[in-house]
Amino acid sequence: VASPKFVPLKRDENFIPARLLMADPVQKDLGLTADQVGKIMDFVKFSRERLRELAAKWPEFSASGVPVEVSEARNRELQAWTEESASKQKELMAKIVGMLTPSQRERLRQIQLQQELAVALAEPELIKALDISEDQLAKIRPLSVRSAEEQLAELRELDGLTPKERHKKMIEKAKERDKTQAAANRRALDVLTPEQRVKLEKFVGKEIEVTWDYDAFLQGD
């Protein structure tokens, strides 16, 4: 029997653009067509079905994804299923991105950078482009990292809840994360010099206010 340690969750490269593309202000800014929006909903529907299938097939796994006890065979089964579903998600997202025009893809990238500024400023592309110093990075990096302990504590709060209660808690947590991310973005921006902020505008474009339909994206069972 194995009890694997919790592995900090990495940013989901599929989840982030999908969530943005579901936001009405982003759809309007990009000028998405009804067909494009339909493809986005296909991705969201698959993601919801995947979560329900996970709960049905592996009930011994808690809402946090950390089992108390699980055999090596069950671990291998879950890993294979996870890889298969992740591949399908990637395929669906590729279709979505493929339907976007070059200008829409570039604008989506700009909006994503706006939403994840604290993270983006700690990555090689912007470090080099803005000539961010080591002293600045020392202030920015802590703003872009969530510890494994923080992630696990948040996920553990979902254990033992009914689907309705879990849905409500997930919305509460999503709102908290967005508020924390916005604060981190502002603090990271304050680290930059006026000259660096001017250079940054080339990468983030015109700023827009993104409002989220939490209930739609985190739809319960």
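Anyway, here's the lowdown on the structure attached to this text. (Residues numbered from 1 in each chain as written. Predicted model: local features only at pLDDT ≥ 70, side-chain atom pairs only at ≥ 80, totals over all residues. Heavy atoms only, no water.)

Brief notes about the overall build of the protein
In terms of regular secondary structure, the protein is built from 12 helices and zero strands. Tracing the protein from N to C terminus, the helices and strands come up as α-α-α-α-α-α-α-α-α-α-α-α. Expressed as a percentage of the 221 residues in the protein, the buried residues total 38%. Here the contacts in the protein between residues at least 6 apart in sequence split such that 76% fall between residues at least 24 apart. (Helix = DSSP H or I, 4+ residues; strand = E, 2+ residues; numbered from the N terminus. Buried < 20%, exposed > 50% of the residue type's maximum accessible area, 1.4 Å probe, protein only. Contact = heavy atoms within 4.5 Å.)

Describing the nonpolar core
Leu-21, Val-26, Leu-30, Phe-43, Leu-108, Ile-111 and Val-210 are the most contacted members of the largest nonpolar core, which totals 24 residues. Broken down by secondary-structure element, the contributors of at least two residues to this core are helix 1 (15-22), helix 2 (24-30), helix 3 (34-57), helix 4 (72-99), helix 5 (102-115) and helix 10 (163-191). With near-sequence residues (within four places) excluded, Leu-30 lies in contact with Leu-21, Gln-104, Arg-107, Leu-108 and Ile-111. Core analysis: the second largest hydrophobic core is formed by 20 residues, Leu-130, Leu-137, Ile-140 and Leu-200 among them. (Core = buried A, V, L, I, M, F, W, Y, C linked by side-chain atoms within 4.5 Å.)

Considerations on unusual backbone geometry
A positive phi is found at Asp-131, a non-glycine position, where the angle reads about 55°. In this structure, Asp-131 sits in the loop between helix 7 (124-130) and helix 8 (134-140). With a relative accessible area of 60%, Asp-131 lands in the exposed category.

Some thoughts on helix 11 (residues 194-204)
Taken as a whole, helix 11 has its buried residues at Gln-196, Leu-200, Phe-203 and Val-204. For helix 11, the angular spread of buried residues about the axis comes to 75°, placing them on one side. Opposite its buried face, helix 11 presents the exposed residues Pro-194, Glu-195, Val-198, Glu-201 and Lys-202, each directed more than 90 degrees away. Along its buried surface, helix 11 packs onto helix 5, helix 6 (117-120), helix 7, helix 8 and helix 10. Of the residues trailing helix 11, Gly-205 is marked for its positive phi of about 65°. (Arc of directions from axis to C-beta.)

Here we look at the pattern of salt bridges
Side chains carrying opposite charge are able to pair once their charged atoms draw close together. Here the structure, examined in full by the defined rule, presents eight salt bridges. One salt bridge connects Asp-178 with Arg-19, and the closest N-O pair in it is separated by 2.5 Å. Of this pair, Asp-178 sits in helix 10 while Arg-19 is found in helix 1, placing the two residues 159 residues apart along the sequence. For Arg-19, a relative accessible area of 14% translates into the label buried. The salt bridge partner of Glu-172 is Lys-169, with a shortest N-O separation of 3.7 Å. (Salt bridge = Lys/Arg side-chain N within 4 Å of Asp/Glu carboxyl O.)

Looking at the packing of aromatic side chains
Taken as a whole and assessed by the stated rule, the structure comprises zero aromatic pairs. For Arg-19, the ring lying beneath its charged end belongs to Trp-212, and the centroid distance is 3.9 Å. (Phe/Tyr/Trp six-rings, centres within 6.5 Å; stacked < 30°, edge-to-face > 60°. Lys NZ or Arg CZ within 6 Å of the ring centre and 35° of its normal.)

Considerations on the environment of Asp-178
C-alpha separation for the pair Asp-178 and Glu-116, spaced 62 residues apart in sequence, amounts to 9.9 Å. Leave out the neighbours within four places in its chain, and Asp-178 touches Arg-19, Trp-212 and Tyr-214.

Some points on the environment of Ala-23
As for its position among the elements, Ala-23 is in the loop between helix 1 and helix 2. For Ala-23 and Trp-212, which are 189 residues apart along the polypeptide, the C-alpha to C-alpha distance reads 5.7 Å. Dropping the residues within four chain positions of it, Ala-23 is found in contact with Val-210, Thr-211 and Trp-212.

Here's the deal with the environment of Glu-209
Mapped onto the fold, Glu-209 is located in the loop between helix 11 and helix 12 (214-217). On a C-alpha basis, the gap between Glu-209 and Pro-25 in space is 7.4 Å, while along the polypeptide they are 184 residues apart.

Nothing here speaks to function; it is all geometry.
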